[in-house]
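Per-entry structural report
Okay, here's what each chain looks like letter by letter:
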Amino acid sequence: MKSLIEIISKCEELAFDLNFTRAKEWKSQDNTRVLVGYMPIYFPREIVHAANGLPVGILGGGDRKQIIKGDAYYQSYICHMPRGIIELALDNHLEGIDGFVFPSICDVIRNLSGMFRFLKKGKFVKYLDFPQNFQAHIGGEFYISEMNHVLHEIKAINNVEVTAEKLNHSISLFNKNRKLIEEIYNIRQDAPWRLTAADVYHIVRAGYVIPVEEHNEILEQILVHIRQNIGEPVDKIKVLVMGAFCEQPPVGLIKTIEMAGCYIVEDDFLLGARWTQGDIDSSSKQPLNSLSNAYLNKSTFSSSVYDVHNPKEGRLIKLMKERKADGIIFAAPSFCDPALLDHPILQKACNDNNIRYISFLFSENTGQFKVIKEQVGTFSDSIKLWD
Ligand code: SF4
């Protein structure tokens, strides 16, 4: 078996391969295979898998892609991620990806889908609306029709028939994927020194660009290593990092938080991979109903979900207690309306519950972390010394 360092280094390479080499290689082995690119946050990857496709997560260029043309497409006062994605598209990094799905989250993503249409990228561009009505016969039915739309687009490309059996198989593979990722988080909750938060980030992000079967194998190998008592604990506080669910923080930022005296035991960086809480029924004769019910009843909390009956502030406090964390770091992308509009609600809940928090903004290409390191270091020290 490979060493932990070897596996993590492979994951890092996969996670930041902006040419999506492994995905394109996978597609080249069979002419009915398709690649479907999807943007954050959540997309039901199971339907693409069942249609002989590989869902490819597109998360921007991060700090590895210089923006030259992307700025011409967007005004300055919006987040950075769409510029990175446009830059990738214009520089042909996304060639070979057959279709693009833009899950509804904000106007920026909606406009980005329009840009892709305008640029004639891929064989289809789908803006995927999620229901904001959580009754199965209304929102659930609507969501099924949205998923059917994507399946229809894929079938027009590869003519592969999607059966209930195939969908159930795909659902079970992604159930397993989430369970393995959750085990990694659970181990880190008690022993975060066994794997850094940046390592976890690379491991989970690799799963965005490779077949789920391969990712499950990687996760199983990682778990063999970290179930053992490896590494040495360091005197750090445990924190949740919230707000980075769409545009991704640079890995340097994640490392900075941990180097400044915190163990990140929970985050929403790659939330789509952990969106559904628990298993989805993989034995139904109507698997799209199972996916729809899971979305309506088992979604995590997020700024993109209307949650009047189960408010996110209550769920955040609950999560904080479950993870036995000492505080929360609100880290949102600059100009991210969904994240920033939620901050006052979430921070009021922290105040009401006597939970310590700090807050700052970032961009995917932020390169200077000194100020953040000092802020996080002070936060950590204040909890360690005076709590
Ligand atoms: S980072 Fe925020 S504002 Fe930008 S596309 Fe994502 S959700 Fe929208």
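Conventions and cut-offs
- The numbering scheme is per chain: residues are counted from 1 as the chain's sequence reads.
- Under the rules for a predicted model, residues below a pLDDT of 70 receive no local features and side-chain atom pairs below 80 are neither given nor counted, while totals for whole chains, interfaces and linings still include all residues.
- At least two DSSP bridges between two strands are needed for those strands to be called paired.
- Every helix listed is a DSSP run of H or I at least four residues long, and every strand listed is a run of E at least two residues long, numbered separately from the N terminus.
- With axes taken as lines fitted to C-alpha atoms, and helix axes fitted only over the stretch in contact, angles between N-to-C directions fall between 0 and 180 degrees.
- Note that contacts rest on C-beta atoms placed from the backbone: two residues are in contact if these are within 7 Å.
- In this description, a nonpolar core means buried residues of the types Ala, Val, Leu, Ile, Met, Phe, Trp, Tyr and Cys, linked to one another by C-beta atoms lying within 7 Å.
- To assign burial, the other C-beta atoms lying within 10 Å of each residue's own C-beta are counted, with C-beta atoms placed from the backbone; 20 or more indicates buried, 12 or fewer indicates exposed, and intermediate counts indicate partly exposed.
- Expected helix span is computed as 1.5 Å times (number of residues minus one).

Some thoughts on the sheet that holds strand β6 (residues 262-267)
Spatial strand order, β6-β5-β7-β8: four strands in an open sheet with parallel pairing. Unpaired on one side and paired on the other, β6 and β8 (356-362) mark the two borders of the sheet. Within this sheet the neighbouring strands show an average axis-to-axis angle of 30 degrees, counted without direction. As paired elements, strand β5 (residues 237-242) and β6 share five bridges and run parallel to each other. Looking across to β6, one finds that V241 is bridged to D267. Contacting β5, β6, β7 (327-333) and β8, helix α10 (residues 251-259) runs over the sheet at an angle of about 130 degrees to β6. Sheet strands touched by helix α13 (residues 337-352): β7 and β8. Its angle to β7, the strand with the most contacts, is close to 170 degrees.

Section: the nonpolar core
Judged by nonpolar contacts, the single largest core of 108 residues is most densely connected at V56, V239, V241 and I264. Every residue in contact with V241, bar those within four places of it in the chain, is listed here: I257, I264, D267, I329 and A331.

Quick look at helix α6 (residues 136-158)
Between the first and last C-alpha of α6 there are 31 Å, a value that for 23 residues agrees with the 33 Å anticipated at 1.5 Å per step. Every buried residue of α6 is listed here: G140, Y143, E146, M147, V150, E153 and I154. On its buried face, α6 is in contact with β1 (34-38), α3 (45-50), β2 (53-57), β3 (99-103), β4 (124-128) and α11 (287-298). After α6 finishes, the residue N159 shows a positive phi value of roughly 60 degrees.

As for the sheet that holds β1
An order of β2-β1-β3-β4 is seen for the four strands of this open sheet, with the pairing classed as parallel. Looking at which strands have only one partner, the edges of the open sheet turn out to be β2 and β4. The average undirected angle you get between the axes of adjacent strands in this sheet is 25 degrees. The sheet strands contacting helix α5 (residues 107-118) are β3 and β4, and the helix crosses β4 at an angle near 165 degrees. Taken strand by strand, α6 contacts β1, β2, β3 and β4, and its axis lies near 170 degrees from that of β4.

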